[in-house]
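Spelled out, the chains give:
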Amino acid sequence: MSLGLLLSPHASSAQQHANGTSPHAGDPVAPRLPAASPLIDVRVHAADREFEIVLGPVSLPAGGPHLRPQVQLAELPVAGWMHGFSWRMRDREGNPLPDRLLHHVNVIDPDNRELFSAVPRRILAAGRETKSELLPGALGYPLVPGTRVLVSAMFAPLPGASHEEAFLHVRLPYTPLEDPGFVEPVDVYPFYLDVMGPVGEKEFPLPPGTHGMSWEGSPAVDGRILGVGGHLHDYGEWIRLEDVTANRVIWETGPEVDGGGRTVGVPTSRLWWRGGVRIRKDHVYRISVQYSNPLGHLAPDGGMGAIGGIIIAGDEDWPAFSREHPDYVQDLRNTLEKPNEAAHAHAHAHGHGHGHGSGSDDGR
């Protein structure tokens, strides 16, 4: 689960699960961003102080495979501060469709970097269990007209019903720059950390017994963490964020489980009520996770460990990022190419060369 404008690590992990090694690994040139497409639309509802990203139509035949359309590029025509999101699945007339049709959606800024790595910034993500996430009106992610975002989604057709024209509507409340009210919102930024590092596979095998995984890095700027949440699979015991330099645990939690012991979420912490937790660019931070698999074989869903959060950055500017940085190039290539590879594999398997392909359902 996530918090506020954060990435939902649960949903983002589902997308990242497919991000293995690209066939173009080692290519120093970043891929071109997608061209304009009729599959994506941005609608501004100024009177409601909201704008909307609409993806579709997509055809979801009954019992069909998971559908991962090509990643879409959209420009956001607003200036101000974004305060979170909500989403619904709808038909062409705007009538609600079952929310279960969405597996996950991710919104990524290819023109700015992540806090702890040089990969494109994850702005938000949502899955079936994440219907909406909102920040207080005093906090917002800054937007300028023409901000570009990549929209990556996966859909899950239902076994007993077809939906020939389904649309994903993501609504985003914002405060317009020209009318901020009595006090302008404070700029906040999302961040994402994974125990497997910023690029590549995010799921690891989980044999019987107790196992851990961790990754370390430093932030690009000083700041304060205002909120944090995480993602674990079944048999996860805890996930932790710590300041290695100061030998201090910043945040630690275990999973939320159902009556059968299956992981259904991870508690979030709203730290803005106490001023947040300071982080420093000259410190090293570690994300770590521990699992205990009681089965006599590999856990079916493997293990994952991810954290999403928001920060207030210090007064300094974010460092310029390089589109030639190997991590940026590889992560962007993974994001853009995986849907195409899935489509090609699906078409080949069914003896035709049209339509969208499936993505693997990781069971989460």
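Remember, predicted model here, so these are calculated numbers, not experimental data.

Applying the stated criterion across every chain yields a total of seven aromatic pairs. On the basis of an interplanar angle of 65 degrees and a centroid distance of 5.8 Å, the ring pair of phenylalanine 51 and tyrosine 174 is categorised as edge-to-face. With phenylalanine 51 in strand S2 (residues 50–60) and tyrosine 174 in strand S11 (residues 163–176), the pair connects residues that are 123 residues apart, well separated along the chain. In this structure phenylalanine 51 comes out as buried when scored by relative accessible area, which is 0%. One cation-aromatic arrangement involves arginine 121 over tryptophan 318; the distance from NZ or CZ to the ring centre is 4.6 Å. Lying over the aromatic face of tryptophan 238, arginine 240 brings its terminal NZ or CZ to 3.9 Å of the ring centre.

Attention shifts here to the nonpolar core. One finds Met89, Phe155, Leu168, Ile225, Ile307 and Ile311 to be the most contacted residues of the largest nonpolar core, which totals 64 residues. The contact partners of methionine 89, leaving out residues within four places of it in the chain, are Asn95, Pro96, Leu97, Pro98, Asp99, Leu101, Leu102, Phe155, Ala166, Phe167 and Leu168. Counting seven residues, the second largest nonpolar core, distinct from the first, contains Val71, Leu73, Leu150 and Tyr328.

Counting buried positions over the 10 residues of strand S15 (residues 223–232) gives nine, a clear majority of the element. As paired strands, S15 and strand S21 (residues 277–279) are joined by three bridges and run antiparallel to one another. Within S21, the position partnered with arginine 224 by the bridge is arginine 278. Where S15 and strand S23 (residues 305–313) come together, nine bridges link them in antiparallel fashion. The residue bridging glycine 229 from the neighbouring strand is glycine 308, located in S23. Where S15 lies against strand S20 (residues 269–270), two bridges are found, and the strand directions are antiparallel. Paired with valine 228 across the bridge in S20 is serine 269.

Procedures and definitions
- Residues numbered from 1 in each chain as written.
- Predicted model: local features only at pLDDT ≥ 70, side-chain atom pairs only at ≥ 80, totals over all residues.
- Heavy atoms only, no water.
- Phe/Tyr/Trp six-rings, centres within 6.5 Å; stacked < 30°, edge-to-face > 60°.
- Helix = DSSP H or I, 4+ residues; strand = E, 2+ residues; numbered from the N terminus.
- Buried < 20%, exposed > 50% of the residue type's maximum accessible area, 1.4 Å probe, protein only.
- Lys NZ or Arg CZ within 6 Å of the ring centre and 35° of its normal.
- Core = buried A, V, L, I, M, F, W, Y, C linked by side-chain atoms within 4.5 Å.
- Contact = heavy atoms within 4.5 Å.
- Pairing = 2+ DSSP bridges.

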